[in-house]
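Now for the letters of each chain:
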Amino acid sequence: MGRVFNFNPGPSTLPLDVLKIVQAELLDYRGTGMSIIESSHRSPEYDEINESAMSLARELFGLGDDYHVLFMTGGASSQFAFIPLNFLNDGQVGAYVDTGSWSAKAIKEANIIGTAEVIASSKAAEYKFIPNMSDITIPGNAAYLHITSNNTIKGTQYHEWPNAGAVPLVCDMSSDIASRVLDFTKFSLIYAGAQKNLGPSGVTLVLIRDEFLQKCKDGLPTMFSYKTHAEQKSLYNTPPSLCVYIMKLVFEWIKNQGGLAAVEKVNRAKKDAIYGMIDGNPDFYKGTVQPGSRSWMNITLRLPSEDLEKKFISEAKAAGFVGLKGHRSVGGVRVSLYNALPLEGAQRLAEFMSDFMKKNK
Ligand SMILES: *Cc1c(COP(=O)(O)O)cnc(C)c1O
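Only a predicted model underlies this, so the values are computations on that prediction, with no experimental measurement involved.

Thresholds applied
Residues numbered from 1 in each chain as written. Predicted model: local features only at pLDDT ≥ 70, side-chain atom pairs only at ≥ 80, totals over all residues. Heavy atoms only, no water. Buried < 20%, exposed > 50% of the residue type's maximum accessible area, 1.4 Å probe, protein only. Helix = DSSP H or I, 4+ residues; strand = E, 2+ residues; numbered from the N terminus. Pairing = 2+ DSSP bridges. Patch = residues over 30% accessible without salt bridge, like charges linked within 9 Å, V, L, I, M, F, W, Y side chains within 5 Å. Areas by Shrake-Rupley, 256 points an atom, 1.4 Å probe, with all protein chains shown as cover. Salt bridge = Lys/Arg side-chain N within 4 Å of Asp/Glu carboxyl O. Axes fitted to C-alpha atoms, helices over the stretch in contact; angles between N-to-C directions. Parallel < 35°, antiparallel > 145°, perpendicular 65-115°, else oblique. Contact = heavy atoms within 4.5 Å. Nonpolar A, V, L, I, M, F, W, Y, C, P; charged D, E, K, R; others polar. Expected span 1.5 Å × (residues − 1). Bend = angle between axes of the 7 residues up to and from the residue. Core = buried A, V, L, I, M, F, W, Y, C linked by side-chain atoms within 4.5 Å.

**What about the pairing of strand β8 (residues 169–172)?**
Burial along β8 is two-sided: the face carrying Leu 169 and Cys 171 and the face carrying Val 170 and Asp 172 are both buried. By the bridge criterion, four bridges tie strand β5 (residues 142–148) to β8 in an arrangement that is parallel. Of the residues in β8, the one forming a bridge with Leu 145 is Leu 169.

Put into structure tokens, the structure is as follows:
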């Protein structure tokens with residue numbers, strides 16, 4: 001089987017064990033004589049999937065019954081608008097930290113619906129770091145504080161969290177959810193498009209504290225209210241059933257390894273292998289972000305010239321390391337090390353980097 005080491009930034013690699021289960025169950029899901037995508041979303045089989053995906057999410061993230069687990073559609077990008085639509089009342093603002101392209105898109109949507117107030121930003125420094133969270137001041141009329149935990153394009157990640165006090169903390173965790181141990185109860189709302197760490201594109205996981213849900217505005221179109229999805233257990237309309245099914249399998253895959261602590265251990269070893277190459281060879285591999293803000297999920301780097309970067313990406317591809325091109329807006333090389341990328345992939349890429357440098361220095 002010709003599986004490559006897949007470093008795609010999203011959609012991205014999925015656990016092979018999960019894909020094998022999907023393959024085995026595709027034609028006849030557990031004796032029903034049909035695949036799960038051919039069954040009703042009101043069937044007992046789908047109900048079991050929906051319920052276990054919700055309870056596995058609660059278990060993995062350490063959340064009690066005071067959190068709702070929602071499976072929504074429209075990607076993380078729709079959440080950029082959902083949040084201000086549901087929570088910004090007259091006279092209120094959404095407080096935002098601007099740490100890159102995704103934060104900027106969230107801010108843009110909030111300004112279409114109401115007012116976003118950017119309380120910290122690293123834009124002027126090309127987003128090379130996460131602003132110091134001990135310096136922030138949150139406006140008194142803020143309905144929430146929105147942050148982006150991992151900046152997929154810029155290669156930065158939060159390693160300390162803002163103290164938002166009584167202001168609900170909202171986080172776009174699309175590209176690092178379930179990658180490390182965290183106190184998820186710090187957050188009133190977490191959202192993540194599934195296609196980086198949780199499954200296929202097409203479903204967005206939303207975790208929302210009940211107390212925050214109760215603050216949702218009334219009078220919204222039915223499908224645009226978080227309350228609808230919470231009250232109907234994400235079954236108000238036809239859910240993306242294949243995606244939820246695969247996400248449930250990914251949750252089980254995480255649980256079987258020993259949960260987030262086990263995943264974090266592997267992720268630490270993966271990022272250490274690549275950052276080790278960068279730190280050991282700063283004349284050849286230049287990390288683009290400040291060390292204290294480095295992402296464990298998306299490592300961004302430059303080589304001495306654009307020609308060498310092109311050569312690196314194409315030779316890597318020929319050697320079985322796919323998806324290493326930096327985002328079109330920033331160039332360079334990006335090494336995405338999502339949960340399903342095995343440790344061996346990062347170790348082998350580090351060896352490739354060492355060989356490539358020796359040949360091209
Ligand atoms: C990929 C990504 C998004 C966009 O997700 P879609 O599901 O394509 O809308 C938003 N935020 C972050 C941090 C991302 O990595």
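**Quick look at a nonpolar patch on the surface**
Judged by side-chain polarity, Leu 26, Leu 27 and Ile 37 come together as a nonpolar surface patch covering roughly 310 Å² of accessible area. Following the sequence through the fold, Leu 27 ends up in the loop between α1 (16–25) and α2 (44–61).

**Digging into the packing of helix α8 (residues 259–280) against helix α10 (residues 343–360)**
How two helices sit against one another is set out by the angle between their axes and by the gap between those axes. As a packed pair, α8 and α10 sit with axes 9 Å apart at the nearest point and diverge in direction by 5°. Relative to α10, α8 is oriented roughly parallel. Here α8 contributes Val 266, Ala 269, Lys 270, Ala 273, Ile 274 and Met 277 to the contact with α10, which in turn contributes Leu 343, Ala 346, Leu 349, Ala 350, Met 353 and Ser 354. A breakdown of the residues in the contact of α8 with α10 according to their chemical character gives 10 nonpolar, one polar and one charged.

**Observations concerning helix α3 (residues 75–87)**
Here α3 is 13 residues long and its end C-alpha atoms lie 19 Å apart, about the 18 Å a rise of 1.5 Å per residue gives. Where α3 bends most, the angle comes to about 25°, and this point is Ala 81, followed within four residues by the proline Pro 84. Within the sequence span of α3, burial applies to Ala 76, Gln 79, Phe 80, Ala 81, Phe 82, Ile 83, Pro 84, Asn 86 and Phe 87.

**Re the nonpolar core**
Residues Phe 61, Leu 145 and Leu 205 are the most contacted members of the largest nonpolar core, which totals 61 residues. Element by element, the count of residues in this core is highest for helix α7 (residues 241–257), at 10 residues. Residues within four places of Leu 205 in sequence aside, it is in contact with Phe 61, Val 69, Leu 70, Phe 71, Ile 177, Ile 190, Tyr 191, Ala 192, Leu 198, Met 247 and Phe 251. Residues Tyr 275, Phe 284, Tyr 285 and Leu 324 belong to the second largest nonpolar core, which totals 27 residues.

Honestly, it's all geometry; don't read function into it.
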